[in-house]
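Observations on chain architecture
So the chains spell out like this:
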Amino acid sequence: MRIYLNNDNYIVSFIFLLCLLLSNKIVIADSEAESFYQSGLHLFDNAKFENSIEKLENAVELRPDVAKYHHILAKSYGRLAEESGWFKAIKLAKGTLRHLELAAELDPKDTEILSDLMKYYQEAPIFLGGSTKKANKINEKIKDIECAKVADKRTSSNSSIYTNCLKRHQMR
C-alpha cells in the first residue's frame, strides 16, 4: 500500500523544520553574544581594555543591533586610547566614535550613551570628529529626555524641575 503525499506537505514541513533550526541558532547566538559581553564588561571593569575589546567585538559581531555592546566597546577603545601613544590613540579614537554613534543610533533615549557621545564630541579634536555644535545638540536631546521622564513621574519633589522643563520648551 502506497501513501502519496502532496508536495505542499513536504514544503510546509521543510519550512517548519527550517524555522526551528534557525530559532535555535538565534537563541544560541544571543546567549553567546551576552556571554562575550559579560566577559568584556568584566575585563573593562578590571582595566584590561585590549582583552575587553576582543570579547566585545565578538559580541558585536554576533549581535550588531545591541546598543550596550557598542557602548562598552566604545568605552574600551577610549580607555585604551588614553593609555596609548598618539598614532595608536588616533586609530582607537575612530573606533570609539564609530561605536558611540552606533550605540546612540540603536538606543537614542539612553542618556548614559548620549552623555558619553557628548563628552567625546566636546573633548576630541576636530580631526577626530570633535564638534561643539554636535555636543550642544546632544545636550539638548538629553535635557528633552530628562524632561520627558520628569513629566511622566511628576510629583511635588520634582515640580520645580518640571516647571523649568516647561519654561525651556516655551523658550524654543
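Rules and cut-offs
Residues numbered from 1 in each chain as written. Predicted model: local features only at pLDDT ≥ 70, side-chain atom pairs only at ≥ 80, totals over all residues. Heavy atoms only, no water. pLDDT = per-residue confidence, 0-100. Contact = heavy atoms within 4.5 Å. Core = buried A, V, L, I, M, F, W, Y, C linked by side-chain atoms within 4.5 Å. Buried < 20%, exposed > 50% of the residue type's maximum accessible area, 1.4 Å probe, protein only. Helix = DSSP H or I, 4+ residues; strand = E, 2+ residues; numbered from the N terminus. Salt bridge = Lys/Arg side-chain N within 4 Å of Asp/Glu carboxyl O. Patch = residues over 30% accessible without salt bridge, like charges linked within 9 Å, V, L, I, M, F, W, Y side chains within 5 Å. Areas by Shrake-Rupley, 256 points an atom, 1.4 Å probe, with all protein chains shown as cover. Lys, Arg positive; Asp, Glu negative; His and termini not counted. Charge placed at Lys NZ, Arg CZ, Asp CG, Glu CD. Polar contact = N/O pair within 3.5 Å; in protein donor to acceptor, adjacent residues only side chain to side chain. Axes fitted to C-alpha atoms, helices over the stretch in contact; angles between N-to-C directions. Parallel < 35°, antiparallel > 145°, perpendicular 65-115°, else oblique. Left-handed = near helix turned anticlockwise from the far one by under 90°. Nonpolar A, V, L, I, M, F, W, Y, C, P; charged D, E, K, R; others polar.

Here we look at the confidence of the model for the chain
Put simply, the chain has an average pLDDT of 83, and 71% of its residues get 70 or more. Contacts of residues 1–5 to residues separated by more than four positions or lying in other chains number one contact, the stretch itself having pLDDT below 50. Confidence drops under a pLDDT of 50 for residues 16–27, and excluding neighbours within four residues, the segment shows zero contacts in the predicted structure.

A short note on the nonpolar core
Membership of the largest hydrophobic core comes to 19 residues, with the highest contact counts inside it found for L114, L117, Y120, Y121 and I138. Secondary structure elements with two or more residues in this core: α3 (67–83), α4 (86–106), α5 (111–123) and α6 (132–152). Beyond its immediate chain neighbours, meaning those up to four positions away, L117 contacts L97, L100, E101, A104 and I138. A33, Y37, L56 and A89 belong to the second-largest nonpolar core, a separate cluster that totals 18 residues.

What to know about the pattern of salt bridges
Applying the stated rule across the entire model yields five salt bridges. Across the pair K88 and E50 runs a salt bridge, and its minimum N-O distance is 3.5 Å. Taken together, the residues span a long stretch of sequence, with K88 in helix α4 and E50 in helix α2 (residues 49–62) at a distance of 38 residues. Its salt-bridge partner being K149, residue E146 comes within 3.9 Å of it at the nearest N-O pair. Separated by three residues within a single helix, E146 and K149 lie in helix α6, roughly one turn from each other. Overall, K149 belongs to the partly exposed group, its relative accessible area being 40%.

A few points about the environment of G95
Within the secondary structure layout, G95 lies in helix α4. Sequence separation of G95 and S76 is 19 residues, and the distance between their C-alpha atoms is 9.6 Å.

A short note on a positive patch on the surface
On the surface, a cluster of positive charge is contributed by K109, K133, K137 and K141. For K109, a relative accessible area of 63% corresponds to the exposed category.

Digging into the side chain of H99
Its place among the elements puts H99 in helix α4. A polar contact of 3.4 Å, which involves the side chain of H99, links it to the side chain of R98.

A short note on the packing of α2 against α3
Orientation of α2 relative to α3, taken along the N-to-C sense of each, is 155°, at an axis distance of 9 Å. If you check the angle between α2 and α3, you find them roughly antiparallel. Between α2 and α3 lies a crossing of left-handed hand. Residue-level inspection shows F49, E50, S52, I53, L56, E57, A59 and V60 of α2 in contact with α3, the latter providing Y69, H70, I72, L73, S76, Y77, R79, L80 and E83. By residue class, the composition of the contact of α2 with α3 is 10 nonpolar, three polar and four charged.

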